[in-house]
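Structure at a glance
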Amino acid sequence: MYSLDRHVLQQVQHNPYLGLQISEDLKWTTHISNVAKKANSTLGFLRRNLRFCPKDCKKTAYISLVRSTMEYGAIIWDPYTQHDINQLERIQRRAARFITGDYRSREEGSVTKMLAELELDNLKTRRTSQRLVFLYKVVEGLVSAINPDDFLVKSKPKRKIKPKTFDNFVCANIVTNSVKNNSKALDTTPSNTNLYKNSPQTGVCASTQRSAIYLALRIKARRCTA
């Protein structure tokens, strides 16, 4: 039992904070369900009111009112279960039919083709890009509220074992030099538990090869600012 200013705090399963639904089990299923429900409702509103509008108008409305809802704070709650990922992707696929006005095509890959023609990347790819851009900003010290040294672990040079072949064809492993990592290479958070398994920091670092991460961040940052 906890109290604040002599008031006993009520225990709840979910509580909203800055637009995010925080659950007692620290999972994002409830928040994602709420986001999907709100996005579906907004999409339904657009379908009723923009029925006869041009394609460009519908696309702008979707991006401004629906997709922005599904991406608010996504670098924090980026889903890792296929169920949650599909729940959001289905909304964009329904939006593709709304924008093109094609509700009859049922061929395999028809909606995927619509998304390609509309130049709408899948939401999972966009969330990955957003996380990479955010990490880039943290590494470069562009986020004043976050000190990179408190959250990021720089990768240290390691020994490189290189086999050499001699005239007698006997191969031996000889330490010749050290691996020189990129100056921005990062290690994942060291831990013996699954505490950081699905965190944005560990997820991004684990999915990117050490010295290549900085290059990927710069490329993504350029694309998003272009």
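Okay, so let's go over this structure. (Residues numbered from 1 in each chain as written. Predicted model: local features only at pLDDT ≥ 70, side-chain atom pairs only at ≥ 80, totals over all residues. Heavy atoms only, no water.)

1. Here's the deal with the environment of Gln87
The topology assignment puts Gln87 in helix α4 (residues 82-100). Residue class for Gln87 comes out buried when judged on its relative accessible area of 16%. Sequence separation of Gln87 and Ser33 is 54 residues, and the distance between their C-alpha atoms is 7.9 Å. Residues in contact with Gln87, not counting those within four places in the same chain, are Ile32, Ser33 and Ala36. (Helix = DSSP H or I, 4+ residues; strand = E, 2+ residues; numbered from the N terminus. Buried < 20%, exposed > 50% of the residue type's maximum accessible area, 1.4 Å probe, protein only. Contact = heavy atoms within 4.5 Å.)

2. So, the packing of aromatic side chains
Each aromatic ring pair is characterised by the separation of its centres together with the angle its planes make. Scanning the entire structure with this criterion turns up zero aromatic pairs. A cation over an aromatic ring shows up here: Lys58 above the ring of Phe98, its NZ or CZ 5.3 Å from the ring centre. (Phe/Tyr/Trp six-rings, centres within 6.5 Å; stacked < 30°, edge-to-face > 60°. Lys NZ or Arg CZ within 6 Å of the ring centre and 35° of its normal.)

3. Some thoughts on helix α2 (residues 55-71)
The end-to-end C-alpha distance of α2, which contains 17 residues, comes to 22 Å, matching closely the 24 Å that a straight helix rising 1.5 Å per residue would cover. Among the residues of α2, Lys58, Ala61, Tyr62, Val66, Arg67, Thr69, Met70 and Glu71 are the ones counted as buried. Just past α2, the residue Gly73 takes up positive phi, approximately 65 degrees. (Expected span 1.5 Å × (residues − 1).)

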